[in-house]
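Coordinate analysis (summary)
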Amino acid sequence: MECDKVGDMILTSTFAIAFTGAGISTASGIPDFRGPNGLWKKYSPELATIDYFNKDPKGFWEFYSLRMRGLFTALPNKAHYALAELEKLGLIKAIITQNIDGLHQLAGSKNVIELHGTMRKCYCVRCLKTYDSQQILKRIDEGELPPKCECGGVIRPDVVLFGEPVYNISEAIQIARESDLVLSIGSSLTVYPANLIPLTVKENGGKLIILNAEETPLDSIADIVVRERVEEFLPCVVNYIKNQTLHRSS
Ligand SMILES: [Zn+2]
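The following refers to the structure shown. Everything numeric in this text was worked out from a predicted model, so none of it was measured. (Residues numbered from 1 in each chain as written. Predicted model: local features only at pLDDT ≥ 70, side-chain atom pairs only at ≥ 80, totals over all residues. Heavy atoms only, no water.)

**Quick notes on the coordination of the zinc ion**
- In the first shell of the zinc ion, the protein supplies C124 (SG), C127 (SG), C149 (SG) and C151 (SG), at 2.3 Å from the metal.
- Angles of 99 to 117° at the metal separate the four donor atoms of the zinc ion, which places the site in the tetrahedral class.
- Every donor residue of the zinc ion comes from the same chain, spaced as C-x2-C-x21-C-x1-C.
- C149 sits in the buried class, given a relative accessible area of 6%. (Donors = N, O, S within 2.8 Å, 3.2 Å for Na, K, Ca; no water. Tetrahedral: all angles 85-135°; square planar, octahedral: opposite > 155°, others 65-115°. Buried < 20%, exposed > 50% of the residue type's maximum accessible area, 1.4 Å probe, protein only.)

Quick look at the structure:
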């Protein structure tokens, strides 16, 4: 069984980390926006660029508030909970995520590094004051478009828009350098610089496990590639690990 093999790899690792992408949240009802039912089949990705935000913040928010509302209805799934459990067991040291949905934290994960920011927060582009996104959505409902800070600056979501550099990349790479095992979960591993995380672990002699529905460019250098549904596979890994540790302690 592949989940036993992955479980053994996690148990024998000393610094395992997870790297997650859109595929971990599809079972929560959030479509992969690059996939066949994704957002970018219906809307132009142009709408989520920093240039468009700067040019037309009202138009940007008309679109982006729709996207945010969709994300707010989603709840963590079994894959998120399994990773939170592995962290509690001391077996996963950090999660580096490309997702902005905040579902890892909702599932109970503590050490989460968000490369693309979070849609749960907004901030003023002028004074950098932060706002809760649900409050901003409420103000948009009441007709405030674009939402503005008390200082007069436009408020934006605390996410990385197309055309902007990712957040926390040096911290993420530092963690990848320390890691001897990375589980890449639900990421197509095509977007630079996100694919640097698994590559860095491999370059430093660590192992790479890829769980993804589709082929990825890094499959050929992975130690194991798993095509199963992440929300079924990860709980299976957790069960295996719990059984193993039970046998060891008895
Ligand atoms: Zn302000």
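**Some details on the pairing of strand β8 (residues 207–211)**
- Among the five residues of β8, four are classified as buried, and the element is accordingly described as predominantly covered.
- Direction of pairing for strand β7 (residues 181–185) relative to β8: parallel, over a ladder of five bridges. Bridged to L183 within β8 is I209. (Helix = DSSP H or I, 4+ residues; strand = E, 2+ residues; numbered from the N terminus. Pairing = 2+ DSSP bridges.)

**Details of the sheet that holds β8**
- What the six strands build is an open sheet, ordered β3-β2-β1-β7-β8-β9; its pairing is parallel. Only two strands of the sheet have a single partner each, and these edge strands are β3 (112–114) and β9 (224–226). Adjacent strand axes in the sheet meet at a mean angle of 15° when their direction is disregarded.
- Here helix α1 (residues 2–12) sits on the sheet in contact with β7, β8 and β9, set at roughly 135° to β9.
- Contacts between helix α5 (residues 78–88) and the sheet are confined to β1 (16–20), β2 (92–97) and β7, with β2 contributing the most and set at about 145° to the helix. (Axes fitted to C-alpha atoms, helices over the stretch in contact; angles between N-to-C directions. Contact = heavy atoms within 4.5 Å.)

**Brief notes about the packing of aromatic side chains**
- By the definition in use, this model includes five aromatic pairs.
- Residues F53 and F60 carry aromatic rings whose centres are separated by 5.1 Å and whose planes lie at 85° to one another, so their mutual orientation is edge-to-face. No difference in accessibility class separates F53 from F60, as the two residues are buried.
- A connected cluster of aromatic rings, assembled from ring pairs, spans F53, F60, W61, F63 and Y64.
- A cation over an aromatic ring shows up here: R156 above the ring of F53, its NZ or CZ 5.9 Å from the ring centre. (Phe/Tyr/Trp six-rings, centres within 6.5 Å; stacked < 30°, edge-to-face > 60°. Lys NZ or Arg CZ within 6 Å of the ring centre and 35° of its normal.)

**Examining the nonpolar core**
- Formed by 29 residues in total, the largest nonpolar core has its most connected members in V6, I10, L83 and I185.
- For this core, the secondary-structure elements that each account for two or more residues are α1, β1, α5, β2, β7, β8, β9 and α10 (230–249).
- Excluding residues within four positions of it along the chain, V6 makes contact with L183, I209, I224, V226, F233 and V237.
- F53, W61, C122 and L137 belong to the second largest nonpolar core, which has 28 residues in total. (Core = buried A, V, L, I, M, F, W, Y, C linked by side-chain atoms within 4.5 Å.)

**Details of the state of the cysteines**
- Taken as a whole and assessed by the stated rule, the structure comprises one disulfide.
- The disulfide bridge from C3 ends at C236, spanning 1.9 Å between sulfur atoms. Sign of the S-S torsion, about -40° for the bond between C3 and C236, identifies this disulfide as left-handed. With C3 in helix α1 and C236 in helix α10, the pair connects residues that are 233 residues apart, well separated along the chain.
- Among the residues examined, C236 registers a relative accessible area of 23% and is labelled partly exposed. (Disulfide = S-S within 2.5 Å.)

**What about the environment of I221?**
- Relative to the elements of secondary structure, I221 occurs in the loop between β8 and β9.
- Overall, the relative accessible area of 33% leaves I221 in the partly exposed class.
- Separated by twelve residues in sequence, I221 and I209 place their C-alpha atoms 9.6 Å apart.
- Beyond its immediate chain neighbours, meaning those up to four positions away, I221 contacts L199, K202 and L208.

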